[in-house]
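Structural description and commentary
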Amino acid sequence: MEIAKTIEEVRQKVADWKKSGFKIGFVPTMGYLHEGHLSLVRESKKRTDRTVVSIFVNPTQFGPNEDYQIYPRDLERDQKLLLEEGVDLIFYPPVEVMYPEGYKTYVEVKELQDQLCGRSRPGHFRGVCTVVLKLFNIVQPDEAYFGWKDAQQVIIIQKMVEDLNLSVKVIPRPIIRDPDGLALSSRNTYLRPEERKAALALNRSLDLAAELIRKGELNAEIIRRRMLELIEQEPLARVDYVEIVDLKNLEKVEKLDRDVLIALAVYVGRTRLIDNLRFISGEVEK
Ligand code: AMP
């Protein structure tokens, strides 16, 4: 396994692989890896000949009052985990390599970027799309793996790939959870023990939604209200949003009569957590 810090190193390595006819899989991350990230790596290992993982805490996707400075970082640990998974190349660029002085170009996916998390994190998806497109151009993968944990991100990246005629195939993968149901996130490390317990309200509210759907409830507002009531019983939790939206255009729906995303963002203490389930072809995926 090699670690590349420059774009040239990555290009060289990938060009050699492509000459040998290898299929390239790519997993973009911000590091501080957990089983969610590793599940994407394993899928890439299964489906392709060479796997590239990027570790880059992307400053352009953080707002001015967000956690860019304190976002957890541990390259040594990440390296060990990726070596154990048999990853072929880590791309670990310094910020100046991705955004040299005078950098000016940004990518936006209109409308989709303003819904859900985009409302409370203006500019977030512009930063995500910009860095992901840059990484796609650098790595030139055949396939790239993204977790449904960040459902809006999946939908926006898929739209960017479609609209800009990129040749990469985007592969969304299931959410990996702790045994008690909390979705894994690098940000879970911010939670104090009592907050970690309170954070289970997110998963519980999604379980409630799933149960209501199984019982035949198709009214979005009824499901949403029940979820809100459940979360509001948790004193350490403060809802940012709970929304039921069309899975394609992220617009609110009144009835679950198509594929929908039930997504929520909740502050637990000062930590903002997200989670979701999808209702696709009449089946709940969580
Ligand atoms: P991040 O390092 O948070 O930018 O995440 C990198 C990739 O891992 C993104 O595609 C995330 O959606 C994915 N990911 C993060 N947490 C999970 C999880 N619990 N289950 C599955 N994928 C995840």
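1. Examining the overall build of the chain
When helices and strands are counted, the chain shows ten helices and ten strands. Relative to its length of 286 residues, the chain is compact, with a C-alpha radius of gyration of 19 Å against a globular reference of 19 Å. Taken along the three principal axes of its C-alpha coordinates, the chain extends 55 × 40 × 40 Å. Each of the 286 residues in the chain was classed as buried or not, and the buried ones make up 53%. Across the chain, every contact between residues at least 6 apart in sequence was considered, and the portion connecting residues at least 24 apart equals 70%.

2. Notes on the layout of surface pockets
Of the volumes computed, that of the second largest pocket is approximately 180 Å³. Lining of the second largest pocket is provided by 14 residues; of these, Ile-55, Phe-56, Val-57, Arg-73 and Tyr-92 occupy positions nearest its centre. Partitioned by chemical class, the residues of the lining of the second largest pocket number ten nonpolar, one polar and three charged.

3. Description of empty space enclosed by the protein
Scanning the model with the defined rule gives one cavity of 30 Å³ or more in all. What the largest cavity holds in volume is close to 60 Å³. In terms of lining, the largest cavity is formed by Lys-149, Gly-181, Leu-182, Ala-183, Ser-185, Asn-188, Ala-199, Leu-202, Asn-203, Leu-273, Ile-274 and Asp-275. The residue inventory of the lining of the largest cavity, partitioned by class, reads six nonpolar, four polar and two charged.

4. Considering the pairing of strand S6 (residues 169-173)
Taken together, the five bridges between strand S5 (residues 143-147) and S6 define a ladder with parallel strand orientation. What sits directly across from Phe-146, in S6, is Pro-172. Of the crossover connections in this fold, the one passing from S5 over helix H7 (residues 151-163) to the parallel S6 is right-handed.

5. Observations concerning the sheet that holds strand S3 (residues 50-55)
Judged by pairing direction, the sheet is parallel, and its six strands sit side by side in the order S1-S4-S3-S2-S5-S6 without closing on themselves. At either margin of the open sheet sits one strand with a lone partner, and together these are strand S1 (2-4) and S6. Ignoring which end each strand starts from, the neighbouring axes of this sheet average 25 degrees apart. Where strand S2 (residues 24-29) meets S5, two bridges bridge the pair, whose relative direction is parallel. Along S5, the bridge assignment pairs Gly-25 with Glu-143. Contacting S1, S2, S3 and strand S4 (89-91), helix H1 (residues 7-19) crosses the sheet at an angle of about 150 degrees to S4. Against the sheet, helix H6 (residues 124-139) makes contact with S2, S3, S4 and S5, and its axis sits at roughly 150 degrees relative to S2, the strand it touches most.

6. Focus: helix H9 (residues 200-214)
Between its first and last C-alpha, H9 extends 21 Å over 15 residues, near the 21 Å set by a 1.5 Å rise per residue. Most of H9 is tucked away, with eleven of its 15 residues classed as buried. Those residues of H9 that sit buried are Leu-200, Ala-201, Leu-202, Asn-203, Ser-205, Leu-206, Leu-208, Ala-209, Ala-210, Leu-212 and Ile-213. Considering only its buried residues, H9 is in contact with helix H8 (193-198), helix H10 (220-232), strand S8 (260-268), strand S9 (271-280) and strand S10 (283-285).

7. Things to note about the nonpolar core
Ranked by size, the top nonpolar core spans 51 residues in total, and within it Phe-136, Ile-157 and Leu-261 carry the most contacts. The leading source of residues in this core is H6, at ten residues. Setting aside residues up to four positions removed in sequence, Ile-157 forms contacts with Val-128, Val-132, Phe-136, Phe-146 and Val-170. Ranked by size, the runner-up nonpolar core spans 30 residues in total, among them Leu-200, Ile-231, Val-253 and Leu-264.

Thresholds, definitions, all that
- Residues numbered from 1 in each chain as written.
- Predicted model: local features only at pLDDT ≥ 70, side-chain atom pairs only at ≥ 80, totals over all residues.
- Heavy atoms only, no water.
- Helix = DSSP H or I, 4+ residues; strand = E, 2+ residues; numbered from the N terminus.
- Rg over C-alpha atoms; globule rule 2.2 N^0.38 Å.
- Buried < 20%, exposed > 50% of the residue type's maximum accessible area, 1.4 Å probe, protein only.
- Contact = heavy atoms within 4.5 Å.
- 1 Å grid on protein atoms, 1.4 Å probe; cavity = no way out; pocket = protein on both sides within 12 Å on 5 of 7 lines; lining within 4 Å.
- Points joined across faces, edges and corners; volume = space filled by probe spheres on them.
- Nonpolar A, V, L, I, M, F, W, Y, C, P; charged D, E, K, R; others polar.
- Pairing = 2+ DSSP bridges.
- Right-handed = clockwise from strand over helix to strand, strands pointing away.
- Axes fitted to C-alpha atoms, helices over the stretch in contact; angles between N-to-C directions.
- Expected span 1.5 Å × (residues − 1).
- Core = buried A, V, L, I, M, F, W, Y, C linked by side-chain atoms within 4.5 Å.

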